[in-house]
Amino acid sequence: MWGGLMKTLSVDRIASKGIAMGNAYVLQKQDLSPENYEISANQIDSEIMKYDNAVKEAASQIEILAQKSDIFTAHLELVKDISLYGGVTNRIRNELQNAQVALDLTAAEFCAIFDSMEDEYMRERSADIKDIRNRLMRLLKGIGQTDLKSIQDKVILIAEDLAPSDTSSLNLDYILGFLTELGGVTSHVCIIARNLELPALVGVPDLLTSIHNDDFLILDAVTGKIIINPDDSTIHRYESLKQDYVNKRKELERSSFLPATTIDGRTVKICANVGNIEDVRKATTHHIDGIGLFRSEFLYMENSHFPTEEEQFTVYKEAASLCSSELIIRTLDIGGDKSLPYYKFETEENPFLGWRAIRISLELEDVFKAQLRAILRASAFGNVKIMYPMIISMEELNKANEILTACKCELEAEGLAFNPDIKVGIMIETPAAVLCAANFAKHVDFFSIGTNDLTQYVLAVDRGNKKISALYDSFHPAVVQSIKHIIDAAHAENIEVGMCGEFAGDEKATTLLLGLGLDEFSMAAGETANIKNIIRNSSYEKAKECAKRAAAAYTLQEVKKELSII
Ligand code: PEP
Ligand code: MG
């Protein structure tokens, strides 16, 4: 028996399947606002000393981090910067502000100066100042470091929420699984967890009040349970359940070299979604028909600058060589919940309806061109395809293609090899793209349905908002009918249609998608063997009938009833 009473929390949606057991590491919410205590003239020296100590400690923390990532090299210069130091200590000395308030005001002043600068690089320094300010404030307030990089034991990570940028600073060797109080199953932390094949549950009510640091946990992301401080017999039971789960996965993997062909002869492609070259290496150990989605934005997020053409070319070329069959690289899909540590995005009221994906690429043309040139050059090494995200109009598609043509001309003039007939497709993930699918189908080589966004935009339900997560359901008749409409529009023009949203890896949706005629299912690599097995045991004719009935249903419940999933 472990310390504390055994308690079970249940969750109805699984973010990433698997079972993990281990100690909890709770990432606490932190109040980093300054305390407003007053100081007198004879406290000036001691207040400056507090600040000096914080600067010394911050510098030594950052020195260690700078050895691993050059993002922190700039932070090291800033924390020692003489004008920042002078600004804070002058406020303590001349205005009798305490060190916390002096730091807060000085950092805000610096951020405002950087924000107003013309030069983009200088504007981006504002984010660095905020980071330094928070590090120093934590030290001044005596709040423990929650640097995710500092996790050094194998733990189950517990957080209110995890931003994609948080997960990129994790040492994943130490993470057994994730639990978050907020977030939906299509949030990017779940996507990362699935790519890494780490068990995860999100949207867990009362998580942070129920679990404390070092509680022993069973994270059952197969049936959707968290058992806190389990007794010995529960631990033994889960040890054998975990083994059964692993054995079952191995058994599925063993037959997964066979094609995804139904019992009556319909063959579809089963592909993997990836976020970086590590994922590609891992995915290609599974029997997949290619990479249906390379989320290139992670390359940008895990960097300290916009990756250069050469840097990207190295990655895409290796990926192309690893997956000979097909590699669909989606151009930068940043914005929404995905930010960059080195680029300042203006605060937006509705970021998912804001400056995102192709909208950014078309505006930051140099950034877009560097990426397109890198993808084109990689196309000389494999079956590389380009995919544009978040398209809403023919104008966007035409503009993106114009830039692509310009890149091709440049490469040709420079004598650099590329595939001149590279296939170009679009994500169908906005209602505008659904309604205009028949038009788009005449001008692209393929579609890929992004159900994560499509569901949120069709239903007007934020994909990451826990409060309305019950409304976020891709089986909603509006989403099902949209999928049918997209597939029919693609097939009318004889182009292939895939799906790279999380719905493609949902075993409850396989009959529906197969029956609607989807050509390619792309999902986290860990799910591929299971979906392939379901397809190999299905009848296409029966799936078609079933999908027809489901697509004609009026209510969510009726859709699910037709698919026999309730
Ligand atoms: C989608 O929206 O379904 C998709 C695959 O893109 P992302 O999840 O990266 O927004
Ligand atoms: Mg999307």
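**Describing the coordination of the magnesium ion (ligand 2)**
Inference 1: At the metal site, the magnesium ion (ligand 2) is ligated by Glu 429 (OE) and Asp 453 (OD), and these contacts range over 2.0 to 2.2 Å. Taken together, the residues Glu 429 in the loop between β13 (423-428) and α16 (431-435) and Asp 453 in helix α18 (residues 451-459) connect sequence positions 24 residues apart.
Inference 2: With a relative accessible area of 3%, Asp 453 lands in the buried category.

**Regarding the site of ligand 1**
Inference 1: In the neighbourhood of ligand 1, 17 residues make up the surrounding shell, with Arg 295, Arg 330, Gly 450, Asn 452 and Arg 463 lying closest.
Inference 2: The side chain of Arg 463 places a nitrogen or oxygen atom 2.8 Å from an oxygen atom of ligand 1.
Inference 3: Contact with the protein chains hides 100% of the accessible area of ligand 1, taken as 290 Å² for the molecule alone.
Inference 4: Going through the elements one at a time, α7 (188-196), β10 (291-295) and α18 are the ones with two or more residues in the shell around ligand 1.
Inference 5: Residues that form the shell around ligand 1 fall into these classes: four nonpolar, five polar and eight charged.

**A closer look at the domain arrangement of the chain**
Inference 1: Splitting the chain by domain gives domain 1 (7-29 + 146-252), domain 2 (41-141) and domain 3 (290-428).
Inference 2: When each unit is reduced to the centre of its C-alpha atoms, the spacing between domain 2 and domain 3 is 36 Å.

**Section: the pattern of salt bridges**
Inference 1: For the structure on display, the rule yields 36 salt bridges.
Inference 2: Between Lys 17 and Glu 527 there is a salt bridge, and its shortest N-O distance comes to 3.8 Å. Residue Lys 17 is found in the loop between β2 (14-16) and β3 (19-27), and its partner Glu 527 is found in helix α21 (residues 525-536); the two are separated by 510 residues along the sequence.
Inference 3: By relative accessible area, which is 27% here, Lys 17 ends up partly exposed.
Inference 4: Its relative accessible area of 9% is what places Glu 527 among the buried residues.
Inference 5: Residue Arg 295 is joined to Glu 502 by a salt bridge in which the shortest nitrogen-to-oxygen separation is 3.8 Å. Note that Arg 295 is positioned in strand β10 and Glu 502 in the loop between β15 (496-499) and α20 (510-516), a separation of 207 residues in sequence. Both residues of the pair, Arg 295 and Glu 502, belong to the buried class.

**Concerning the packing of helix α14 (residues 365-378) against helix α15 (residues 394-414)**
Inference 1: Running from N to C, α14 and α15 cross one another at 60 degrees; their axes reach a closest spacing of 9 Å. It follows that α14 is oblique to α15 by the angle criterion. When you trace α14 past α15, the crossing you get is right-handed. Touching Glu 365, Phe 368, Lys 369, Leu 372, Arg 373, Leu 376 and Arg 377 of α14 are Lys 399, Ala 400, Ile 403, Leu 404, Cys 407, Lys 408, Glu 410, Leu 411 and Glu 414, all from α15.

**A few points about the environment of Met 137**
Inference 1: Relative to the elements of secondary structure, Met 137 occurs in helix α5 (residues 120-141).
Inference 2: Through-space distance from the C-alpha of Met 137 to that of Tyr 51 is 9.4 Å; in sequence the pair is 86 residues apart.

**Re the side chain of Glu 47**
Inference 1: When you line up the elements, Glu 47 lands in helix α1 (residues 44-68).
Inference 2: A residue is classified by how much of its surface remains accessible, and Glu 47, at 2% relative accessible area, is buried.
Inference 3: In contact with Glu 47, other than residues within four places in its own chain, are Tyr 37, Ile 39, Ile 92, Gln 97, Asn 98 and Ala 99.

Definitions and limits used
Residues numbered from 1 in each chain as written. Chains lettered and ligands numbered in written order. Predicted model: local features only at pLDDT ≥ 70, side-chain atom pairs only at ≥ 80, totals over all residues. Heavy atoms only, no water. Donors = N, O, S within 2.8 Å, 3.2 Å for Na, K, Ca; no water. Helix = DSSP H or I, 4+ residues; strand = E, 2+ residues; numbered from the N terminus. Buried < 20%, exposed > 50% of the residue type's maximum accessible area, 1.4 Å probe, protein only. Near = heavy atom within 4 Å. Polar contact = N/O pair within 3.5 Å; in protein donor to acceptor, adjacent residues only side chain to side chain. Areas by Shrake-Rupley, 256 points an atom, 1.4 Å probe, with all protein chains shown as cover. Nonpolar A, V, L, I, M, F, W, Y, C, P; charged D, E, K, R; others polar. Domains from an automatic or database assignment. Salt bridge = Lys/Arg side-chain N within 4 Å of Asp/Glu carboxyl O. Axes fitted to C-alpha atoms, helices over the stretch in contact; angles between N-to-C directions. Parallel < 35°, antiparallel > 145°, perpendicular 65-115°, else oblique. Left-handed = near helix turned anticlockwise from the far one by under 90°. Contact = heavy atoms within 4.5 Å.

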